[in-house]
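The lines below spell out each chain.
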Amino acid sequence: MTQDELKQLVAAEAAAYVHANVPEGAVIGVGTGTTANCFVDAIASAKSRYRGAVSSSLATTARLEAHGFQVLELNEIESLPVYVDGADEIDAHGAMIKGGGGALTREKIVASVADVFVCIADGSKRVDVLGNFALPIEVVPMARTAIGRRVIALGGVPVLRVNTDGSPFITDNGNEIIDVKALKITYPIALEATVNGWAGVVTVGLFAARGANVCLLGTAGGVERIDYIAR
Ligand code: 5RP
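What you see is a predicted model, and the numbers here were worked out from it, not measured in a lab.

1. Digging into helix 1 (residues 3–21)
- Taking 1.5 Å of rise per residue, the 19 residues of helix 1 would be expected to cover 27 Å, and the 27 Å separating its terminal C-alpha atoms lies within 8% of that figure.
- Taken as a whole, helix 1 has its buried residues at Leu 6, Lys 7, Val 10, Ala 11, Ala 14, Ala 15, Tyr 17 and Val 18.
- Turning to helix 1, the residues buried within the fold contact strand 1 (27–30), helix 2 (34–43), strand 4 (80–85), strand 7 (114–122), strand 13 (214–219) and strand 14 (222–227).

2. A word on the sheet that holds strand 6 (residues 96–97)
- Spatial ordering of the open sheet is given by 5-6-12, a layout of 3 strands whose pairing is antiparallel. Single-partner strands in this sheet number two, and they are strand 5 (89–90) and strand 12 (206–207).
- Sheet topology places strand 5 next to strand 6; 2 bridges connect them, and they run antiparallel. For Ile 90, the partnering residue across the bridge sits in strand 6 and is Met 96.

3. Here we look at the site of the ligand
- Of all residues adjacent to the ligand, which total 17 residues, the nearest are Thr 34, Thr 35, Asp 88, Gly 99 and Lys 125.
- Taken together, the residues that form the shell around the ligand break down as 2 nonpolar, 9 polar and 6 charged.

4. Side note on the domain arrangement of the protein chain
- Annotation of the protein chain at the domain level lists domain 1 (3–127 + 209–222) and domain 2 (135–204).
- Distance between the C-alpha centres of domain 1 and domain 2: 24 Å.
- Facing the 15 residues of domain 1 at the interface are 16 residues of domain 2.
- Summed over both partners, the interface of domain 1 with domain 2 buries about 1,200 Å², with 53% contributed by carbon and sulfur atoms.
- Remark: the boundary between domain 1 and domain 2 carries 1 salt bridge.
- Among the salt bridges present, the one from Glu 192 reaches Lys 108, with a minimum N-O distance of 2.7 Å.
- At the boundary of domain 1 and domain 2, one finds 10 residue pairs in polar contact (both at pLDDT 80 or more).
- Per-element accounting of the side of domain 1 that touches domain 2 gives the leading share, 4 residues, to helix 4 (residues 104–113).
- For the side of domain 1 that touches domain 2, the per-class residue count stands at 5 nonpolar, 6 polar and 4 charged.

5. Some details on the pattern of salt bridges
- What the rule picks out here adds up to 9 salt bridges.
- We note a salt bridge from Lys 125 to Asp 122, for which the minimum N-O separation is 4.0 Å.
- Accessibility expressed as a relative area gives 13% for Lys 125, which makes it buried.
- With a shortest N-O distance of 3.1 Å, Arg 126 and Glu 224 are connected by a salt bridge. Taken together, the residues span a long stretch of sequence, with Arg 126 in the loop between strand 7 and strand 8 (135–139) and Glu 224 in strand 14 at a distance of 98 residues.

6. Overview of helix 6 (residues 188–196)
- Those residues of helix 6 that fall on the buried side of the exposure criterion are Pro 188, Leu 191, Glu 192 and Val 195. One side of helix 6 holds all its buried residues, which, seen down the axis, span an arc of 105°.

7. A short note on the environment of His 93
- When you line up the elements, His 93 lands in the loop between strand 5 and strand 6.
- Here His 93 falls in the exposed class, since its relative accessible area comes to 55%.
- Taking the C-alpha atoms as reference points, His 93 and Leu 130, separated by 37 residues in sequence, lie 11 Å from one another.

Procedures and definitions
Residues numbered from 1 in each chain as written. Predicted model: local features only at pLDDT ≥ 70, side-chain atom pairs only at ≥ 80, totals over all residues. Heavy atoms only, no water. Helix = DSSP H or I, 4+ residues; strand = E, 2+ residues; numbered from the N terminus. Expected span 1.5 Å × (residues − 1). Buried < 20%, exposed > 50% of the residue type's maximum accessible area, 1.4 Å probe, protein only. Contact = heavy atoms within 4.5 Å. Pairing = 2+ DSSP bridges. Near = heavy atom within 4 Å. Nonpolar A, V, L, I, M, F, W, Y, C, P; charged D, E, K, R; others polar. Domains from an automatic or database assignment. Buried area = accessible area lost by both parts, 1.4 Å probe. Salt bridge = Lys/Arg side-chain N within 4 Å of Asp/Glu carboxyl O. Polar contact = N/O pair within 3.5 Å; in protein donor to acceptor, adjacent residues only side chain to side chain. Arc of directions from axis to C-beta.

Have a look at this one:
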């Protein structure tokens, strides 16, 4: 199977998971990226079963609305039984690197409210140690250089994310992203706390303190379901 076919496979499995575990009339949280897009497409035919969705990016909002979903503000809702999203890397404990698509801040906010985080990913995303994929950090632009120095002190290589025309990539929140290369993340919870403490950091794309509860992983043998022990 191709990577795209694996994404569609896990997205369909996630739609079935949500149908089986989320009550009718509930609001669902939806992530960002190509795998999350497949999930939106997979769940679209059942949209009348749900009150609506909370989105983690402008791009996902547009896709949900194109399918006729009602998109609700997080401030409007009291609970979110499930959040479904992809990942750039996921380790054996359900800790993830996220933010390859630049939506890490809203993803982390929506995930923080959800009872259950369902990670959907093709098998290439499973790793023993996080860090081969560059770790995104969303920063307030005036803090970019100061945070870059802190990254270097940690042994990482900071690279400002840019668009194809060379201009800085700007997030939905009006900030910039530093992608950190060459970090071997052996203690993700500790690193997440450290980077979160730096002035000017909006969000680090380490989802470790609140990692995934369940992963639906697309492999050559089909969808592997992994349940992580609650932290
Ligand atoms: C976006 C994300 C995505 O979940 C992550 O980049 C995975 O994307 P894809 O499903 O396209 O591989 O964190 O900010």
